[in-house]
Amino acid sequence: MATRGGLATAVVVVASLAAALGAPGDVDPWRPLWHFTPPAGWMNDPNGLAHFRGEYHLFYQYHPFGPDWGPMHWGHAVSPDLVRWRHLPIALAPSPGGPDAGGCFSGSAVDDGGVLSVVYTGHGERQVQCLATSPDGRVFTKHPGNPVLASPPEGFPPEHFRDPKVWRAEGHWWMVAGSKRDGRGAALLYESADLRRWSFKAVAAESDGTLGTMWECPDLFALGDRHVLVVSPEGLDRRKALAFVGRLDYGTGRFAIESRHVADHGFDFYAPQSFEDAGGRRVVIGWMDSWASKAWPTKAWGWAGAMTVPRLLRLSVDGTPLWAPVPEIETLRRDPASVPPGDFGPGLHVLDAVQGDSLDLEVEIDPGAASEVALLLRRSADGRQETRLKYDRASGTLAIDRERAGAGEGGVHEAPLALAAGETLRLRVLLDRSSVEVFAQDGRVVLTDRVYPDAASVGVALEAQGGRARLVGLRSWRLLRP
Ligand code: DQQ
């Protein structure tokens, strides 16, 4: 049985046509130029990321019939390079009377001997794991024996058992699924010979009581000489996704956590999923929005939800995750500009050479005698609107301050970042109409926020308080629509 939802597919085709004609981008100030967004409707988690037969596949939690979360489908797009995406018909829709009648929730994809195979959660009163396969990577057939995994182990609630992430290692298929026990998030490990019959191996890891009440979208993979477990916890402040670095023992099924990290300290980053591409790179894409959001200004334009820039994940020699935009993004760079080194502040220093709502910035600042240095982005000519990326020496924090960013919610979202004596602040900043992504200190600290400024707010400025700071260098490029 092919699972293209007929009406849903028609919605996507019409919306894609409108997008191709330039309608949303031309009239909607917040539709990103180059970040992935749905053609119309609501999008949340990235699903089924895969590099299959030379194409990148991105599936996503999708409600095609309106800009609010609703019965979940799997939207689908492909790309040759992680930058230029092409919308495809919906891959999965809920089957009335089936185990996914309440929605096709999050899951993952693997290449099973030349068949693109997706394992996802069928949502209903219970949550169960289902399989669908596609030899061509286009049309998916649900396994007649679904669900392939009907219950979690004893002690875990069947209504909180979701988001299977599958990979191959040691001659088997492995899966982690998210769940909870006694109010603590948990990642459950399973193994299978054929993706159809699964046996429970162990609770790979669970919260110690401080790491969230339910772990959504677990992801577990080898990286360098270690493993990384990423989870998206409910019940934590702002539901920040966490990355645990440690080691998975395939014999016991236990993941030993060696260090804990916040994957992204911004407001708008959740449910990241990774995959390994043909070049052996670990690529991560996150949902660039938040369940904690109260304002969704783009709903007025009929859509909601964006994906982050695809990010390469590496570990430093001391085992710290380092995140970086994939270099393919640099193919969108045009109009290079630079600002010569020099002192600035106290006070405002407007950078006339650098302006835009879709920019790639590389900035190095020596805070010098300043107590605070700030890079002002999306600034209006009258200075009333701005998104402030600020480093505060006393508190040792880097923060996105969107109190005066425009429409949408305000808030100041901080990351700990203590510069050593003489250490400069090194920033890579990506702007795309309604987003700000910041990679500091070679990607040790990442902050992602959505912002909704006026289209005319395109200024960039520097500001120092409490003393003079020094701009060591600034290079910028405009990022074009692919
Ligand atoms: N979103 C999906 C769930 C997942 C949650 C439902 C995380 O599968 O747990 O849309 O954002």
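Student: Would you mind going over the overall build of the protein with me for this structure?
Tutor: Broken down by element type, the protein carries two helices and 34 strands. Taking 2.2 N^0.38 as the reference for a compact globule, 482 residues should give roughly 23 Å; the C-alpha atoms of the protein span a radius of gyration of 22 Å, in line with that estimate. For the protein, the C-alpha atoms occupy an extent of roughly 65 × 50 × 40 Å along the three principal directions. Looking at the protein as a whole, 62% of its 482 residues qualify as buried. Accessible surface for the protein amounts to roughly 17400 Å². Of this, 53% is attributable to carbon and sulfur atoms. Positive and negative side-chain charges of the protein, numbering 50 and 58 respectively, have mean locations separated by a distance of 2 Å.

Student: Quick question: what am I supposed to make of the sheet that holds strand β27 (residues 387-392) here?
Tutor: Across a sheet, strands are paired by hydrogen bonds formed along the backbone, either parallel or antiparallel in direction. In spatial order, the strands read β24-β33-β26-β27-β28-β29; together these six strands make up an open sheet with antiparallel pairing. Here the strands that pair on one side only, and so sit at the sheet edges, are β24 (347-355) and β29 (412-416). Shown here is a sheet whose adjacent strand axes are inclined to one another by a mean of 20 degrees, direction ignored.

Student: In this structure, what is going on with the site of the ligand? I would like to understand it.
Tutor: Every residue lining the ligand is accounted for by Asn44, Asp45, Gln61, Trp69, Met72, Phe105, Ser106, Arg162, Asp163, Glu216, Tyr270 and Trp291. Here an oxygen atom of the ligand sits 2.8 Å away from a polar atom, N or O, in the side chain of glutamine 61. Here aspartate 163 contributes a side-chain N or O atom positioned 2.5 Å from an oxygen atom of the ligand. Isolated, the ligand exposes 310 Å² of accessible area, and the fraction of that covered by the protein chains is 97%. Broken down by secondary-structure element, the contributors of at least two residues to the shell around the ligand are β1 (41-52), β5 (104-112) and β9 (162-169). Its residues placed into classes, the shell around the ligand shows five nonpolar, three polar and four charged.

Student: Explain the environment of arginine 197 here, please?
Tutor: Position of arginine 197 among the secondary structure elements: in the loop between β11 (184-192) and β12 (198-206). Under the relative-accessibility criterion, arginine 197 is labelled exposed at 61%. Beyond its immediate sequence surroundings of up to four residues, arginine 197 is in contact with Glu191 and Ser192. Of the polar contacts made by the side chain of arginine 197, one reaches the side chain of aspartate 194; its length is 2.4 Å.

Student: When you look at the side chain of serine 380 in this model, what are you seeing that I'm missing?
Tutor: In this structure, serine 380 sits in the loop between β26 (372-379) and β27. The exposure class of serine 380 is buried, given its relative accessible area of 11%. Of note is the side chain of serine 380, whose polar atom sits 3.2 Å from the backbone nitrogen of arginine 384. For serine 380, the residues in contact, after removing those within four places along its chain, are Gln385 and Ser457.

Student: In this structure, what is going on with the domain arrangement of the protein? I would like to understand it.
Tutor: The accessible area lost on association of the parts is a frequent measure of interface size. According to the domain assignment, the protein consists of domain 1 (2-325) and domain 2 (333-479). Taken over C-alpha atoms, the centre of domain 1 sits 31 Å from the centre of domain 2. At the interface, 38 residues of domain 1 touch 31 residues of domain 2. Summed over both sides, the interface between domain 1 and domain 2 buries roughly 2700 Å², with carbon and sulfur atoms accounting for 55% of that surface. Of all residues in domain 1, Trp30, Trp34 and His265 give up the largest surface area on contact with domain 2, accounting jointly for 22% of the area buried on that side. Viewed at the interface, domain 2 and domain 1 are joined by five salt bridges. With its nearest N and O atoms 2.8 Å apart, the salt bridge here joins arginine 311 to glutamate 437. In this structure, the connection of domain 1 to domain 2 is made through 21 residue pairs in polar contact (both at pLDDT 80 or more). In terms of residue count, strand β21 (residues 321-325) provides more of the side of domain 1 that touches domain 2 than any other element does, five residues in total. Of the residues belonging to the side of domain 1 that touches domain 2, the class tally is 19 nonpolar, 10 polar and nine charged.

Student: Help me understand the nonpolar core in this model?
Tutor: For soluble globular proteins, nonpolar side chains are generally found buried alongside one another. If you look at the biggest cluster of nonpolar residues, it comprises 40 residues, and the most contacted ones within it are Trp34, Phe36 and Val228. If one sorts the elements of this core by residue count, strand β2 (residues 55-63) sits on top with four residues. Each of two domains, domain 1 (2-325) and domain 2 (333-479), supplies a minimum of three residues to this core. Excluding residues within four positions of it along the chain, tryptophan 34 makes contact with Val83, Val309, Ile329, Leu332, Ser358, Leu430, Leu431, Asp432, Glu437, Leu479, Leu480 and Pro482. Phe344, Leu359, Leu417 and Leu474 belong to the second largest nonpolar core, which has 36 residues in total.

Student: Where do I start with the packing of aromatic side chains in this structure?
Tutor: Aromatic ring pairs: the centre-centre distance and the angle between the two ring planes describe each pair. Under the defined criterion, the tally for this structure stands at 18 aromatic pairs. Joined through ring pairs, the aromatic side chains of Phe36, Tyr60, Tyr62 and Trp85 make up one cluster. Above the ring of tryptophan 173, the side-chain terminus of arginine 168 is found at 4.7 Å from the ring centroid. Over the ring of phenylalanine 267 we find arginine 402, and its NZ or CZ is 4.5 Å from the ring centre.

Student: What is the right way to read the side chain of threonine 387 from this model?
Tutor: Note on placement: threonine 387 falls in strand β27. For threonine 387, the contacting residues outside a window of four places in its chain are Leu375, Leu376, Leu377, Arg378, Ile400, Asp401, Ala405, Val436 and Val451.

The rules we used
- Residues numbered from 1 in each chain as written.
- Predicted model: local features only at pLDDT ≥ 70, side-chain atom pairs only at ≥ 80, totals over all residues.
- Heavy atoms only, no water.
- Helix = DSSP H or I, 4+ residues; strand = E, 2+ residues; numbered from the N terminus.
- Rg over C-alpha atoms; globule rule 2.2 N^0.38 Å.
- Buried < 20%, exposed > 50% of the residue type's maximum accessible area, 1.4 Å probe, protein only.
- Areas by Shrake-Rupley, 256 points an atom, 1.4 Å probe, with all protein chains shown as cover.
- Lys, Arg positive; Asp, Glu negative; His and termini not counted.
- Charge placed at Lys NZ, Arg CZ, Asp CG, Glu CD.
- Pairing = 2+ DSSP bridges.
- Axes fitted to C-alpha atoms, helices over the stretch in contact; angles between N-to-C directions.
- Near = heavy atom within 4 Å.
- Polar contact = N/O pair within 3.5 Å; in protein donor to acceptor, adjacent residues only side chain to side chain.
- Nonpolar A, V, L, I, M, F, W, Y, C, P; charged D, E, K, R; others polar.
- Contact = heavy atoms within 4.5 Å.
- Domains from an automatic or database assignment.
- Buried area = accessible area lost by both parts, 1.4 Å probe.
- Salt bridge = Lys/Arg side-chain N within 4 Å of Asp/Glu carboxyl O.
- Core = buried A, V, L, I, M, F, W, Y, C linked by side-chain atoms within 4.5 Å.
- Phe/Tyr/Trp six-rings, centres within 6.5 Å; stacked < 30°, edge-to-face > 60°.
- Lys NZ or Arg CZ within 6 Å of the ring centre and 35° of its normal.

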